[in-house]
Amino acid sequence: MPGEEYIETYVPGEIHIGRLKHGDDLLAGILALCTEKNIQMGAVQAIGALSTAKVAYYHQNEKKYQEISLDGHYEIVSLIGNISLKDGVLLCHAHIVLGDETGNTQGGHLVRGCTVFACEVIITALKGKTLQRGYDEMTGLPLWNFKL
Ligand code: ZN
């Protein structure tokens, strides 16, 4: 079946609802919740606000991330991501949309350096094979390798 090697099927497990602490690093805080609840495969969503913000943009030609520090305070309009493993280590791949005081939004790939003002997180644990990330030649990214 075409594409069969690029898809796995999961059953939703427990849904964890958490609140990150004021001053936490957003990405580290999400990973800490996953570690605490022993989640290796999952779907993440969050809303809230940040007191400092940083995102990254992937330059496809150079195959490099560029970090972008954003000044000011932001609403987390939307954070969506997933949990899996890379080199046996828990990895949260998430993208975030941030809203400023004028209602304009910016966003990108979530990196460390986002300081939580307040944040509500929902993590759905997924039952099934734990996916491992492996280097993808075409994109230069650590993508899911369904054969690992
Ligand atoms: Zn990304």
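Before any of the text, the structure's been laid out above.
Residues numbered from 1 in each chain as written. Predicted model: local features only at pLDDT ≥ 70, side-chain atom pairs only at ≥ 80, totals over all residues. Heavy atoms only, no water.

(A) Quick peek at the overall build of the protein chain. Across its full length, the protein chain carries one helix and nine strands. Sequence-ordered secondary structure for the protein chain, helices as α and strands as β, is β-α-β-β-β-β-β-β-β-β. A principal-axis box enclosing the C-alpha atoms of the protein chain has dimensions of 50 × 40 × 25 Å. The 148 residues of the protein chain split such that 36% are buried. In the protein chain, the proportion of contacts linking residues at least 24 apart, taken out of those at least 6 apart, comes to 69%. For the protein chain, the distance from the average position of its 12 positive side-chain charges to the average position of its 17 negative side-chain charges is 6 Å. (Helix = DSSP H or I, 4+ residues; strand = E, 2+ residues; numbered from the N terminus. Buried < 20%, exposed > 50% of the residue type's maximum accessible area, 1.4 Å probe, protein only. Contact = heavy atoms within 4.5 Å. Lys, Arg positive; Asp, Glu negative; His and termini not counted. Charge placed at Lys NZ, Arg CZ, Asp CG, Glu CD.)

(B) Region of interest: unusual backbone geometry. With a phi close to 55°, lysine 63 is a non-glycine residue in the positive phi region. Assignment of secondary structure puts lysine 63 in the loop between strand S2 (42–59) and strand S3 (64–70). Look at aspartate 87: it is not a glycine, yet its phi comes out positive at around 55°. Within the element layout of this structure, aspartate 87 appears in the loop between strand S4 (74–86) and strand S5 (89–99).

(C) Spotlight on the coordination of the zinc ion. Bound to the zinc ion on the protein side are His93 (NE2), His95 (NE2) and His109 (ND1), at distances that span 2.1 Å. All donors to the zinc ion come from one chain, and their sequence spacing reads H-x1-H-x13-H. With a relative accessible area of 26%, histidine 93 lands in the partly exposed category. (Donors = N, O, S within 2.8 Å, 3.2 Å for Na, K, Ca; no water.)

(D) Fine view of the nonpolar core. Counting 29 residues, the largest nonpolar core has Leu26, Ile30, Leu79, Ile96 and Leu98 as the members making the most contacts within it. Listed by contribution, the elements that provide at least two residues to this core are helix H1 (26–36), S2, S4, S5 and strand S7 (115–127). Counting residues per element, this core draws most heavily on H1, which supplies six residues. Not counting residues up to four positions away in its chain, the partners in contact with leucine 79 are Leu26, Ile30, Val44, Gln45, Ala46, Ala94, His95, Ile96 and Leu110. (Core = buried A, V, L, I, M, F, W, Y, C linked by side-chain atoms within 4.5 Å.)

(E) Highlighting H1. Every buried residue of H1 is listed here: Leu26, Leu27, Gly29, Ile30, Leu31, Leu33 and Cys34. In this structure aspartate 25 caps H1, since a side-chain oxygen of it lies 3.3 Å from the backbone nitrogen of leucine 27. Immediately beyond the C-terminal end of H1, within one or two residues, lies asparagine 38, with a positive phi of roughly 55°. (Polar contact = N/O pair within 3.5 Å; in protein donor to acceptor, adjacent residues only side chain to side chain.)

(F) View of the side chain of histidine 109. Topologically, histidine 109 is positioned in strand S6 (residues 105–110). Exposure remark for histidine 109: the relative accessible area of 16% places this residue in the buried category. A polar contact is formed between the side chain of histidine 109 and the side chain of histidine 93, at a distance of 3.4 Å. For histidine 109, the contacting residues outside a window of four places in its chain are Val55, Ala56, Tyr65, His93, Ala94 and His95.

(G) Quick peek at the pattern of salt bridges. In the structure shown here, the tally under the stated rule is two salt bridges. Close ionic contact of glutamate 8 with lysine 129 constitutes a salt bridge, the shortest N to O distance being 3.9 Å. Pair noted here: glutamate 8 is in the segment before strand S1 (11–20) and lysine 129 is in the loop between S7 and strand S8 (132–135), with a separation of 121 residues, a long-range link. Measuring nitrogen to oxygen at the nearest pair gives 3.5 Å for the salt bridge that ties lysine 54 to glutamate 67. Highlighted residues: lysine 54 in strand S2 and glutamate 67 in strand S3, separated in sequence by 13 residues. (Salt bridge = Lys/Arg side-chain N within 4 Å of Asp/Glu carboxyl O.)

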